[in-house]
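# Examining the three-dimensional arrangement
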Amino acid sequence: MKKIKSFIYQIVTLFAFLAILFIPFSFQYSTIQSAITKFLFEDLIVCTAKKAGNILIVNPEISSDSATLYLLFFILFLIAVIAVSILSFFDFWKTHKNFIFKAIQLIITYYLACVMLKYGFNKIFKSQFYLPEPNTLFTPLGMLDKDILFWSTMGTSYSYNVFMGLMEVIPALMLLYHRTRILGLFILSGVLLNVVFINFGFDISVKLYSSFLLFLCLLLLSPFLKTIWQFFILHKTTMLNNFAEKKWIASKSLRLILKTIVIFFIFMESLYPYLLRTQYNDDNEFRNELHGAYEVLKTQPENTQNTSVNQNIKRIFIHRQNYLIFQYQDDTMEDFYLEINPVKKQFVLKGYKGETIVFEYKYSQNSKILELKSIETGISIHSKSLDWKKLPLLKPLFHWTVDEI
Amino acid sequence: MKIKILLFLVFLAASSQAQTKVIAHKSHSGSNRSFSKAYKNNLFDIGRSNFGLPEHKIIILDTVIAVHNSLTILKMRESIYTYTQGFNYKDIKKSDFKFKTTIISDNLFNEKNSVQYIKSAPPHKYPIHFINPIDSVVFIGFKNPF
């Protein structure tokens, strides 16, 4: 029984290590990881999908919750099973596996700390759950999907973002110090469990990766679960074994140098982009001058022969990532990629079917009037900027008592 | 000198919002049907979102044109792909950039300021973050165009 347990532990630990190596995560320093994974696994993934039957791969790129990412995990697990099965016949493996797995445990710990610091600081600096875009704010609640609604709701509370961020940053920092490491893992497992259930409950497409992070956390905790159970449930006198780097590297100075370098890179990875931008709240980040919401005052056909064009436009939105969105009278939306040519005073709209629509625009700073005129369709739209930041959802409401409301 | 050293260090990049591909698409009211098209063909900026974390592209600011007191045009190049922090932007192929023009209203990049004054300002006061040294940016229509 002990042998089977050890065999399974070796497989899952090696699988975790391989996944850390090859999942193309959004690191600042590691576009090479993505290139290596693509080179080694892309063909294998496509081949596995074909052999397995009806696995639909729309895009071969390995990204969050893509079919290719699921297949990559599956392939890495198979490799781990095969590798451990073969290696267990070698004496070298038998004598050194404890040392190797201690090293892998440490790598997983630092990886987890790095990823959680990235997610944590992104929340603190309001970069993950950003201020909802005007088009989202003017969409009737019932027409929003759960994921964008959750994302937008989170984006309206700065203080909760800071709190959630700290809940990830603090245990991540605890992982970096051996005395607080197990407590950090314990706290982090609760935080990650919540994240996983949010992703599943609100259909947010980071289900697989967040589950993987929870798995890493539980994997690191697993050698201590028995002791924790004995202490908390059986009320026995127990002692946790130290989960420290010194079991791996004996030399204190080498350990210190290595640890300093690793921690420096972890902080660079998670903080450097913000230090460069010197902008610590994405809500205040620069946006295009025309960014915002516009109420349509008048739409004129002006000699149009084109009757297929929907002229029942209620509002126009300009998105911060260069999109123009039309909201029609029935509240349906149509979005186009937007290229602004300020010299020719043109909006070039690109649709998903490859169509291009050109509008000439005129914007008055004083009257806040935006006029669009399409030569091709003959449509002319007069709209006025809306003060979307004064919507009730964006007001910094807080009441200690209901009497204040 | 400090500013020059800082400028050399200033590597960045368009900051994109941290989100998944689906959230990114829905944030501009994209439908589920158009998502599958955008995802299949890597349309527009869908490649910039992934695990709910921000990624960074390189921006090279080429020209700044002052139109009038409250309006300035920025002509820049944005990398199609994301790059690592220490990556030398000069190694990126021309075809891996797309040209962008943005219109801004900014206190620093403003017709009323001289080019010398703008160049001596600390980088964090720039309205956008760009990788190239400010000395390589062409300023047109400013007070003292040198």
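Residues numbered from 1 in each chain as written. Chains lettered and ligands numbered in written order. Predicted model: local features only at pLDDT ≥ 70, side-chain atom pairs only at ≥ 80, totals over all residues.

Attention shifts here to the overall build of chain A. Scanning chain A for helices and strands turns up 11 helices and eight strands. Seen along its three principal axes, the alpha-carbon backbone of chain A occupies a region of about 85 × 60 × 40 Å. Within chain A, contacts between residues at least 6 apart in sequence are counted, and of these 58% link residues at least 24 apart. (Helix = DSSP H or I, 4+ residues; strand = E, 2+ residues; numbered from the N terminus. Contact = placed C-beta atoms within 7 Å.)

Further remarks concern the overall build of chain B. Within chain B, the secondary structure is distributed over four helices and five strands. Ordered by position in the sequence, the α and β elements of chain B form the string α-β-α-α-β-β-β-α-β. Going through the 146 residues of chain B one by one, you find that 40% of them count as buried. (Buried ≥ 20, exposed ≤ 12 C-beta atoms within 10 Å, placed from the backbone.)

Another aspect to go through is unusual backbone geometry. Phi at lysine 368 of chain A is positive, roughly 60 degrees, even though this residue is not glycine. By secondary structure assignment, the location of lysine 368 of chain A is in the loop between strand E6 (356–364) and strand E7 (369–374). Even without being glycine, serine 29 of chain B reaches a positive phi, approximately 60 degrees. Structurally, serine 29 of chain B can be placed in the loop between helix H2 (21–27) and helix H3 (32–41). Assessed through the 25 C-beta atoms surrounding it within 10 Å, serine 29 of chain B is described here as buried.

Residue and element names in this part refer to chain B. The topology assignment puts serine 70 in the loop between strand E2 (56–68) and strand E3 (71–82). Exposure remark for serine 70: the 14 C-beta atoms within 10 Å place this residue in the partly exposed category. Put simply, serine 70 and isoleucine 23 are 47 residues apart on the chain and 34 Å apart in space, counted from C-alpha to C-alpha.

All right, on to the domain arrangement of chain A then. On domain assignment, one finds that chain A holds domain 1 (2–282) and domain 2 (292–386). Taking only C-alpha atoms, the centre of domain 1 of chain A and the centre of domain 2 of chain A are 43 Å apart. (Domains from an automatic or database assignment.)

This paragraph deals with the packing of helix H4 (residues 91–124) of chain A against helix H7 (residues 158–175) of chain A. Residues and elements named next belong to chain A. Between H4 and H7, whose axes approach to 7 Å, the crossing angle comes to 160 degrees. In this view, H4 runs roughly antiparallel relative to H7, as classed from their interaxial angle. For H4 against H7, the interelement crossing comes out left-handed. For the pair formed by H4 and H7, the contact residues are Thr109, Leu112, Ala113, Met116, Leu117, Tyr119, Gly120, Phe121, Lys123 and Ile124 on the first element and Asn161, Val162, Met164, Gly165, Leu166, Glu168, Val169, Pro171, Ala172 and Leu175 on the second. In terms of residue class, the contact of H4 with H7 is made up of 14 nonpolar, four polar and two charged. (Axes fitted to C-alpha atoms, helices over the stretch in contact; angles between N-to-C directions. Parallel < 35°, antiparallel > 145°, perpendicular 65-115°, else oblique. Left-handed = near helix turned anticlockwise from the far one by under 90°. Nonpolar A, V, L, I, M, F, W, Y, C, P; charged D, E, K, R; others polar.)

What follows covers the environment of phenylalanine 74 of chain A. Residues and elements named next belong to chain A. With respect to the element layout, phenylalanine 74 can be found in helix H3 (residues 67–87). Using a count of 13 C-beta atoms within 10 Å as the deciding quantity, one classes phenylalanine 74 as partly exposed. Phenylalanine 74 sits 26 residues away from threonine 48 along the chain, and the two C-alpha atoms are 9.7 Å apart.

Here we come to the sheet that holds strand E5 (residues 346–350) of chain A. Residues and elements named next belong to chain A. With antiparallel pairing, eight strands are arranged side by side around a closed barrel as E1-E2-E3-E4-E5-E6-E7-E8. The mean angle between the axes of side-by-side strands here comes to 30 degrees, regardless of whether they run parallel or antiparallel. Bridge count for E7 against strand E8 (residues 380–386) is five bridges, and the pairing is antiparallel. Paired with leucine 372 across the two strands is isoleucine 381, which belongs to E8. (Pairing = 2+ DSSP bridges.)

Turning to the confidence of the model for chain B, a few remarks are in order. Residues and elements named next belong to chain B. Here chain B averages 74 in pLDDT, while 72% of its residues score no lower than 70. Taken element by element, chain B is modelled with least confidence in helix H1 (residues 2–9), mean pLDDT 35, and with most confidence in strand E5 (residues 138–140), mean pLDDT 91. Among the prediction metrics, the complex's ipTM stands at 0.83, with pTM recorded as 0.79. (pLDDT = per-residue confidence, 0-100.)

Residues and elements named next belong to chain A. Taken N-terminus to C-terminus, the directions of H4 and helix H9 (residues 207–221) make an angle of 140 degrees; their axes are 10 Å apart at the nearest point. By the angle class used here, H4 and H9 are oblique. Handedness of the H4/H9 crossing: left-handed. Contacts from Gln105, Ile108, Thr109, Leu112 and Val115 of H4 reach H9 at Leu213, Leu216, Cys217, Leu219 and Leu220.

Here we come to the pairing of E7 of chain A. Residues and elements named next belong to chain A. Relative to E7, E6 is paired through six bridges, and the arrangement is antiparallel. Along E7, the bridge assignment pairs phenylalanine 359 with serine 374. Where E7 folds back onto E8 in an antiparallel hairpin, the turn is made up of five residues, including glycine 378, whose phi is positive at roughly 80 degrees.

In the case of a regular strand, side chains alternate between the two sheet surfaces. Residues and elements named next belong to chain A. Sheet topology places strand E3 (residues 323–328) next to strand E4 (residues 333–341); five bridges connect them, and they run antiparallel. Note that in E4 the partner of glutamine 327 across the bridge is methionine 333. Here E3 hands over to E4 after four residues, with aspartate 331 in that stretch at a positive phi of 70 degrees. Sheet topology places E4 next to E5; five bridges connect them, and they run antiparallel. Of the residues in E5, the one forming a bridge with isoleucine 340 is phenylalanine 347. Turn length for the E4-E5 hairpin, with the two strands adjacent in sequence and antiparallel, is four residues, and the turn residue lysine 345 shows positive phi of about 55 degrees.

The next point concerns helix H1 (residues 2–22) of chain A. An ideal rise of 1.5 Å per residue puts 30 Å on 21 residues; H1 of chain A measures up with 30 Å between its terminal C-alpha atoms. Of the residues making up H1 of chain A, those classed as buried are Gln10, Thr13, Leu14, Phe15, Ala16, Phe17, Ala19, Ile20 and Phe22 of chain A. (Expected span 1.5 Å × (residues − 1).)

Moving on to the environment of glutamate 355 of chain A. Residues and elements named next belong to chain A. The topology assignment puts glutamate 355 in the loop between E5 and E6. By C-beta crowding, glutamate 355 is classed as exposed, having 9 other C-beta atoms within 10 Å. Glutamate 355 sits 294 residues away from glutamate 61 along the chain, and the two C-alpha atoms are 25 Å apart.

Residues and elements named next belong to chain A. Given a rise of 1.5 Å per residue, 15 residues ought to cover 21 Å, and the 21 Å separating the end C-alpha atoms of H9 matches this to within 8%. When H9 is considered as a whole, its buried residues turn out to be Tyr209, Ser210, Phe212, Leu213, Leu216, Cys217 and Leu220. Looking straight down H9, one finds its buried side chains confined to an arc of 155 degrees; they lie on one side. The elements touched by buried residues of H9 are H1, H4 and helix H8 (181–201). (Arc of directions from axis to C-beta.)

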